[in-house]
Amino acid sequence: MNGEPGGAGELKRIVLGVQYDGTPWQGWQTQLNGLTVQDKLEFALYKFTQQTITTACAGRTDAGVHALEQVVHFDTTLARDMSSWVRGVNTFLPPSIAVRWATEVAHDPDDNFHARFSARSRTYQYVLYNNQVRSPLLEGKAGWVFRALDIAKMQEAAQHLLGQHDFSTFRSVQCQAKSPVKTMYAIKIERRGDLIMFTVHANAFLHHMVRNIIGSLIFVGNGSQPASWLKQLLEGQDRKFAAPTFMADGLYLAKIDYDPKWKLPQTVMQNFLWS
């Protein structure tokens, strides 16, 4: 890197891998009350650098939603070792948020890296506790359904969502996406004891899309609707006919995929509830 440690030089783009427990926060995006992950991260960056730094993220998570690996970038003229960005910023972060890694990306005038716009796809995981009695140890970390769920029926229903579709049925009214058309690459549903893991992989997601899909799959799993209902919902393109938005507790932004040319030191990390 140019310049001595602690000094300034040419403008650099730094990328961070950030992990957080979303339970205490009102989502990622900055708000007036200052109780968001972005607010806390930018405050920590200010404390570490004594400069105002604005960040951009790969995906803006909602209140209560967690991140195994959120990807964030910002520009700075400061020269710091990458390990210093990790240790220094973490010094000023609360226990529920941590920078896991940092790297500088090369400047490309024709295709400069952007945490959001350079992303090729995104993966979310949802952890669901399926037991007649709630578990206080999973409070805020997993959704809960007390009725028995049929995994095979949910897996059958999920197949209707694969491919490129208009996902308006699963889009919140607050969604600001330009188009409801997204490509669903895979939906994996597994049971391990009383835990059910949903892994959803798409090029991009609409606001509340994952939670709305999970809610509708649960209606199939508990016998309220047949597996073919997901196909009807998708074709109807009307949010009011789908299940209510399911709780945020068990939702995790798991992975953002980028072109290998950026050489990001991303980690393959399973949800900590999942062994």
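Described in the following lines is the structure provided in the data block. In this text, all values refer to a predicted model and were calculated from it rather than measured experimentally.

One pass over the full model with this rule turns up 8 aromatic pairs. Note on Phe-74 and Trp-85: the rings are 5.2 Å apart at their centroids and 65° apart in plane angle, and the pair reads as edge-to-face. One end of the pair, Phe-74, is in strand β3 (residues 66–78); the other, Trp-85, is in helix α2 (residues 82–91), with 11 residues separating them in the sequence. Classification of Phe-74 as buried rests on a relative accessible area of 1%. With relative accessibility at 0%, the residue Trp-85 sits in the buried group. Ring centres 5.2 Å apart and planes at 50° place the aromatic pair Phe-113 and Tyr-258 in the tilted group. Taken together, the positions of Phe-113 in the loop between β4 (97–105) and β5 (121–130) and Tyr-258 in the segment after β10 (251–257) put the pair 145 residues apart, joining distant regions of the chain. Both residues of the pair, Phe-113 and Tyr-258, count as buried. An aromatic cluster is present here, built from Phe-48, Phe-74 and Trp-85 joined pairwise through their rings.

So, on to helix α1 (residues 37–49). The end-to-end C-alpha distance of α1 is 18 Å, a good match for the 18 Å that 13 residues give at a rise of 1.5 Å each. Val-37, Gln-38, Asp-39, Leu-41, Glu-42, Ala-44, Leu-45, Phe-48 and Thr-49 are the residues of α1 that are buried. Once α1 finishes, Gln-50 follows within two positions and takes phi at roughly 60°, a positive value.

Glancing now at the nonpolar core. In terms of nonpolar packing, the biggest core is built from 77 residues, with Leu-41, Phe-170 and Tyr-258 touching the most fellow members. The element contributing the most residues to this core is helix α4 (residues 209–221), with 7 residues. When neighbours within four sequence positions are excluded, Phe-170 is seen to be in contact with Leu-161, His-207, His-208, Met-209, Asn-212, Ile-213, Ser-216, Leu-230, Leu-233, Leu-234, Arg-239 and Ala-242. Core analysis: the second largest hydrophobic core is formed by 9 residues, Leu-68, Leu-138, Leu-195 and Tyr-252 among them.

Its location among the elements puts Lys-12 in strand β1 (residues 8–20). At a separation of 2.9 Å, a polar atom in the side chain of Lys-12 contacts the main-chain carbonyl oxygen of Glu-10.

Definitions and limits used
Residues numbered from 1 in each chain as written. Predicted model: local features only at pLDDT ≥ 70, side-chain atom pairs only at ≥ 80, totals over all residues. Heavy atoms only, no water. Phe/Tyr/Trp six-rings, centres within 6.5 Å; stacked < 30°, edge-to-face > 60°. Helix = DSSP H or I, 4+ residues; strand = E, 2+ residues; numbered from the N terminus. Buried < 20%, exposed > 50% of the residue type's maximum accessible area, 1.4 Å probe, protein only. Expected span 1.5 Å × (residues − 1). Core = buried A, V, L, I, M, F, W, Y, C linked by side-chain atoms within 4.5 Å. Contact = heavy atoms within 4.5 Å. Polar contact = N/O pair within 3.5 Å; in protein donor to acceptor, adjacent residues only side chain to side chain.

Remember, this is a structural readout, not a statement about activity or role.
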